[in-house]
Amino acid sequence: MKKGLFITFEGSDGCGKTTQLEKTASFLKENGFEVVTTREPGALDIGKKIREILLHHKGTVADRCEMFLFLADRAQHVETFIKPALGEGKIVLCDRHTDSTIAYQGYGRERDIKLLKDLNEIAVNGLKPDLTLLFDVSTEIAQKRVGNEKDRMESLGTNFFKKVRNGYLELQKENPNRIKLINANNSIENVFSEVKNIIIELIKNK
Ligand code: TYD
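Let me begin by describing the structure that accompanies this report. (Residues numbered from 1 in each chain as written. Predicted model: local features only at pLDDT ≥ 70, side-chain atom pairs only at ≥ 80, totals over all residues. Heavy atoms only, no water.)

A few points about the overall build of the protein chain
So, step 1. Counting its regular elements, the protein chain contains eight helices and five strands.
So, step 2. Reading the secondary structure of the protein chain in the N-to-C direction produces β-α-β-α-α-β-α-α-β-α-α-β-α.
So, step 3. The C-alpha atoms of the protein chain give a radius of gyration of 16 Å, which matches the 17 Å a tight globule of 206 residues would have.
So, step 4. Taken over 206 residues, the protein chain has a buried fraction of 49%.
So, step 5. Across the protein chain, the fraction of contacts at a sequence separation of at least 24, relative to all contacts at a separation of at least 6, is 80%.
So, step 6. As displayed, the protein chain has an accessible area near 10300 Å², and 50% of this comes from carbon and sulfur atoms.
So, step 7. Once the 33 positive and 30 negative side-chain charges of the protein chain are each reduced to a mean point, those two points are 0 Å apart. (Helix = DSSP H or I, 4+ residues; strand = E, 2+ residues; numbered from the N terminus. Rg over C-alpha atoms; globule rule 2.2 N^0.38 Å. Buried < 20%, exposed > 50% of the residue type's maximum accessible area, 1.4 Å probe, protein only. Contact = heavy atoms within 4.5 Å. Areas by Shrake-Rupley, 256 points an atom, 1.4 Å probe, with all protein chains shown as cover. Lys, Arg positive; Asp, Glu negative; His and termini not counted. Charge placed at Lys NZ, Arg CZ, Asp CG, Glu CD.)

What about empty space enclosed by the protein?
So, step 1. Tallying each qualifying case throughout the model produces one cavity of 30 Å³ or more.
So, step 2. The space that makes up the largest cavity amounts to roughly 40 Å³.
So, step 3. The set of elements that each furnish at least two residues to the lining of the largest cavity consists of strand 4 (131-136) and helix 7 (158-174).
So, step 4. No other element matches strand 4, which puts three residues into the lining of the largest cavity.
So, step 5. Within the lining of the largest cavity, the residues separate by chemical class into five nonpolar, two polar and two charged. (1 Å grid on protein atoms, 1.4 Å probe; cavity = no way out; pocket = protein on both sides within 12 Å on 5 of 7 lines; lining within 4 Å. Points joined across faces, edges and corners; volume = space filled by probe spheres on them. Nonpolar A, V, L, I, M, F, W, Y, C, P; charged D, E, K, R; others polar.)

Some points on the side chain of Arg-109
So, step 1. Mapped onto the elements of the fold, Arg-109 is located in the loop between helix 4 (98-108) and helix 5 (113-124).
So, step 2. Residue classification places Arg-109 among the buried positions, given a relative accessible area of 19%.
So, step 3. Setting aside anything within four residues of it in sequence, one finds Arg-109 in contact with Asp-63, Glu-66, Tyr-104, Arg-152, Met-153, Leu-156 and Phe-160.

Here we look at the packing of aromatic side chains
So, step 1. Counting across every chain of the model gives six aromatic pairs.
So, step 2. Between Phe-9 and Phe-135, the ring centres sit 6.0 Å apart and the planes meet at 15°, which makes this aromatic pair stacked. Taken together, the residues Phe-9 in strand 1 (residues 5-10) and Phe-135 in strand 4 connect sequence positions 126 residues apart. Across the pair, Phe-135 and Phe-9 agree in class, each one buried.
So, step 3. Measuring from ring centre to ring centre gives 6.2 Å for Phe-27 and Phe-192, while their planes differ by 80°; the resulting arrangement is edge-to-face. One end of the pair, Phe-27, is in helix 1 (residues 17-30); the other, Phe-192, is in helix 8 (residues 188-204), and 165 residues separate them in sequence.
So, step 4. An aromatic cluster of three or more residues is present, and its members are Tyr-104, Phe-160, Phe-161 and Tyr-168.
So, step 5. Positioned over the ring face of Phe-192 is Lys-23, at 5.3 Å from the centre of the ring. (Phe/Tyr/Trp six-rings, centres within 6.5 Å; stacked < 30°, edge-to-face > 60°. Lys NZ or Arg CZ within 6 Å of the ring centre and 35° of its normal.)

Thoughts on helix 8
So, step 1. In a regular helix each residue adds 1.5 Å, so 17 residues correspond to 24 Å; helix 8 covers 24 Å between its end C-alpha atoms and thus fits that length.
So, step 2. Within the sequence span of helix 8, burial applies to Val-191, Phe-192, Val-195, Ile-198, Ile-199 and Leu-202. One side of helix 8 carries all its buried residues, which in axial view fall inside an arc of 125°. For helix 8, exposure combined with an orientation more than 90 degrees from the buried face picks out Asn-197 and Lys-204. (Expected span 1.5 Å × (residues − 1). Arc of directions from axis to C-beta.)

Re the site of the ligand
So, step 1. Taken together, 15 residues form the shell around the ligand, and within it Lys-17, Arg-51, Arg-96, Thr-101 and Gln-105 come nearest.
So, step 2. Asp-13 places a polar side-chain atom, nitrogen or oxygen, 2.9 Å from an oxygen atom of the ligand.
So, step 3. One of the side-chain N or O atoms of Lys-17 is found 2.6 Å from an oxygen atom in the ligand.
So, step 4. With the chains in place, 91% of the 550 Å² that the ligand exposes on its own is no longer accessible.
So, step 5. Most atoms of the ligand, that is more than half of them, are within 2 Å of grid points of the largest pocket.
So, step 6. Elements with a contribution of two residues or more to the shell around the ligand: helix 2 (45-56), helix 3 (63-87) and helix 4.
So, step 7. With four residues, the top contributor of residues to the shell around the ligand is helix 4.
So, step 8. For the shell around the ligand, a count of residues per class yields five nonpolar, three polar and seven charged. (Near = heavy atom within 4 Å. Polar contact = N/O pair within 3.5 Å; in protein donor to acceptor, adjacent residues only side chain to side chain. Sits in = over half its atoms within 2 Å of the grid points.)

Structural notes on the packing of helix 3 against helix 4
So, step 1. Two elements in contact, helix 3 and helix 4, have axes whose closest approach is 11 Å; the angle formed by their N-to-C orientations is 175°. What the angle tells us is that helix 3 and helix 4 run roughly antiparallel. Counting all contacts with helix 3, which are made through Glu-66, Met-67, Phe-70 and Arg-74, the residues of helix 4 involved are Thr-98, Thr-101 and Gln-105. (Axes fitted to C-alpha atoms, helices over the stretch in contact; angles between N-to-C directions. Parallel < 35°, antiparallel > 145°, perpendicular 65-115°, else oblique.)

The values reported here are purely geometric and, on their own, carry no functional implication.
Shown next, in the form of structure tokens:
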């Protein structure tokens, strides 16, 4: 049975969510909570091998292969890491999860969104985030932050990232209670103060 809290951090590459995740972890630890941080793809042993293929494989990776690799990574991650940590009452902060697949493979790659949602369900086997923070940033700012050293996914171009951003915004509209939209064009400290308020509210109402 799930006892802890599961919080996911989402947004396009370059949105700054990883910095915010680390700041959130420090804040919660300072306040006495047991916190673990993790990420998709590639938190654990099998996942690290999958991540290497997904981000750095030099040859062709077929879209459907890419989709199943992200989902395979998630299934293993949920079963062997996230669920056990939640069972021990921990707060799990996860850098990307199911919404990334809908935004990137669904909206970005234009694959069947309903099918991806069903496949996500199989991968997570009943798990659902208590809260998702969506860091929304203009595609131009995000691309600048990513810089020139791009991995396989980051190299997909501005048009792809516009579709991803739009996908995330659609998901937020569909799930306004779970997904909280955060304007990530602001400074790190301003963004974090918004994050902190949302997290405090979640813990108070737990
Ligand atoms: P990563 O280096 O973790 O990016 P970031 O620091 O921005 O989170 O790389 C993960 C990449 O994989 C990123 O471009 C988003 C993409 N991705 C998908 O396309 N689908 C997914 O289901 C997940 C989890 C990630």
